[in-house]
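Summary of the model geometry
Here is how the chains run, residue by residue.
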Amino acid sequence: MQDLFSPAANDDQTHWERIAIGRQACVLRGFALRWEDDLLRQVQAIVQQAPFRHLRTPGGRPMQVAMSNCGAFGWYSDQHGYRYSATDPLSGQPWPAMPPAFAALAAQAAQAAELPPFAPNACLINRYSVGTRLTLHQDEGDARHPIVSVSLGLPAIFLWGGDARADATQKLPLQHGDVVVWGGVDRMRYHGVMPVKDGVSAVAHPLLDGQRINLTFRRAS
Ligand SMILES: O=C(O)CCC(=O)C(=O)O
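Residues numbered from 1 in each chain as written. Predicted model: local features only at pLDDT ≥ 70, side-chain atom pairs only at ≥ 80, totals over all residues. Heavy atoms only, no water.

Heads up, the rule is: UniProt positions are given in the numbering used here, feature names are shortened, and annotations may be inferred rather than shown by experiment.
In the annotation of an unreviewed UniProt entry, the entry for the protein chain reads DNA oxidative demethylase AlkB, and the organism field reads Comamonas squillarum. UniProt's Cofactor (unreviewed entry) comment on the protein chain is quoted here verbatim: "Fe(2+)".

**Some words on the site of the ligand**
Rules: Near is defined per residue: the residue qualifies when any heavy atom it owns lies within 4 Å of the molecule or strand. Each polar contact in these results corresponds to two N or O atoms within 3.5 Å; when the atoms are within protein, one needs to be able to donate a hydrogen and the other to accept it, and residues that are neighboring in sequence are counted only if both atoms are side-chain atoms. For the area figures, the Shrake-Rupley method with a 1.4 Å probe applies, and any residue is considered shielded solely by the protein chains shown.
Around the ligand, the structure places 14 residues, and the nearest of them are N126, Y128, H137, R212 and R218. Between the ligand and R212, the relevant distance is 2.9 Å, taken from an oxygen atom to a side-chain nitrogen or oxygen of the residue. A distance of 3.3 Å separates an oxygen atom of the ligand from a polar atom in the side chain of N214. When the ligand sits alone it has 290 Å² of accessible area, and the protein chains cover 98% of it.

**Describing the layout of surface pockets**
Rule in force here: Site definitions follow a grid-based scheme: protein atoms alone, a 1 Å grid, a 1.4 Å probe that fits but cannot get out for cavities, and for pockets an open set with protein on both sides within 12 Å along at least five of seven lines, plus lining residues having an atom within 4 Å of a point. Grid points are joined across faces, edges and corners, and a volume is the space filled by probe spheres set on the points. The helix and strand labels rest on DSSP assignments: H or I over at least four residues marks a helix, E over at least two residues marks a strand, and numbering proceeds from the N terminus. For this classification, Asp, Glu, Lys and Arg are treated as charged, while Ala, Val, Leu, Ile, Met, Phe, Trp, Tyr, Cys and Pro are nonpolar and the rest, including Gly, are polar.
Space inside the largest pocket adds up to approximately 700 Å³. Every residue lining the largest pocket is counted, 32 residues in all, and those nearest its centre are M63, L134, T135, L136 and H137. Counting only elements with at least two residues in the lining of the largest pocket, the list comes to β7 (122-129), β8 (134-137), β9 (147-153), β13 (191-193) and β14 (211-218). Classifying every residue of the lining of the largest pocket gives 14 nonpolar, 11 polar and 7 charged.

**Remarks on the packing of aromatic side chains**
Test applied: Ring pairs are drawn from Phe, Tyr and Trp, using the six-membered ring of Trp, whenever the two centres fall within 6.5 Å, and their geometry is named by plane angle: stacked under 30 degrees, edge-to-face over 60, tilted for the rest. Only protein chains enter the calculation, and the probe is 1.4 Å; a residue is then buried if its accessible area is under 20% of its type maximum, exposed if over 50%, and partly exposed in between.
Taken as a whole and judged by the stated rule, the model has 8 aromatic pairs. Aromatic pair F102 and F217: ring centres 5.9 Å apart, planes at 85°, arrangement edge-to-face. Of this pair, F102 sits in helix α2 (residues 100-112) while F217 sits in strand β14; the two residues are 115 residues apart in sequence, bridging distant segments of the chain. The class of F217 is buried, set by a relative accessible area of 0%.

**A word on the pattern of salt bridges**
Which entries qualify depends on this criterion: Salt bridges are identified by distance alone: a Lys or Arg side-chain nitrogen within 4 Å of an Asp or Glu carboxyl oxygen.
Counted by the stated rule, this structure contains 8 salt bridges. Between D178 and R29 there is a salt bridge, and its shortest N-O distance comes to 2.6 Å. Taken together, the residues D178 in the loop between β11 (170-174) and β12 (179-182) and R29 in strand β3 (residues 25-29) connect sequence positions 149 residues apart. When its relative accessible area of 3% is taken as the criterion, D178 is described as buried. Between R53 and D88 there is a salt bridge, with its nearest N and O atoms 2.8 Å apart. With R53 in the loop between α1 (36-49) and β4 (66-70) and D88 in the loop between β6 (81-85) and α2, the pair connects residues that are 35 residues apart, well separated along the chain. R53 sits in the buried class, given a relative accessible area of 10%.

**A look at unusual backbone geometry**
We note that E114 has phi near 60°; this positive angle belongs to a residue other than glycine. Of the residues examined, E114 reaches a relative accessible area of 57% and is grouped as exposed.

**With respect to the UniProt feature "domain: Fe2OG dioxygenase" (unreviewed entry) in the protein chain**
The sites that carry the UniProt feature "domain: Fe2OG dioxygenase" (unreviewed entry) are, in the present numbering, residues 119-221. What you have in residues 119-221 is 0% helix and 43% strand, and the ends, taken at the C-alpha atoms, are 11 Å apart.

**So, the side chain of D78**
Short version of the rule: Two residues qualify as a contact provided that any one of their heavy atoms is within 4.5 Å of a heavy atom in the partner residue.
Within the fold, D78 resides in strand β5 (residues 74-78). A polar contact of 2.8 Å, which involves the side chain of D78, links it to the side chain of R83. Not counting chain neighbours up to four residues away, the residues in contact with D78 comprise R56, T57, P58 and R83.

**Brief notes about the sheet that holds strand β10 (residues 156-160)**
Put simply, the rule reads: Strands pair, by our definition, only if DSSP identifies at least two bridges between them. Lines are fitted to the C-alpha atoms to define the axes, a helix being fitted only along its stretch in contact, and any angle between axes, read from their N-to-C directions, falls within 0 to 180 degrees.
In spatial order, the strands read β8-β13-β10-β11; together these 4 strands make up an open sheet with antiparallel pairing. The open sheet has two edge strands with one neighbour each: β8 and β11. With strand direction ignored, the average angle separating the axes of adjacent strands in the sheet is 20°.

The structure is reproduced here in structure tokens:
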């Protein structure tokens, strides 16, 4: 299903295009490029305060993806279950605040996807090294609000499924600067990421050296 918006020019002439992947879901190719410097600078500052760590599933298995968070709530998993927490269980402190550029990007991406106004209060930061994958899952949080998911660094194949885990999946290649948005009738679609392959990031940055960074914006409640 292709719904190509005519390529739009942002203020700084960065072009992006919208590709529909569902009735209320799309990939916004190149949409995050104009925020790239800000995003990388802010992620570095956030992970100094709330370092990446490998969470454990409630069953005790370590997750392959390393995670951190910013915003009023952070997604967490440990022996007590999956949940959103207002504090970082490692430090006992609130998660770092969500930088204004993050909130602006998420709001503008939801608008570009023609979804209702979106003000996220949680941003999960995922770090993938080569070989790391994320298995099919549905996102928790307030399902009246969309998910905005930003890709930086190494390319990846995003698995886009249906409302049931066993539904067929599409393989969507994602590049540095792409944003996937899903809400409304598509909000509970299963999705995941295939093992990230070795490669060269589109931009040189210590955070992206042999790695992929993903920012997933949600409304926790
Ligand atoms: O890394 C991605 O592109 C997807 C991340 C994701 O699905 C999640 O954090 O729930």
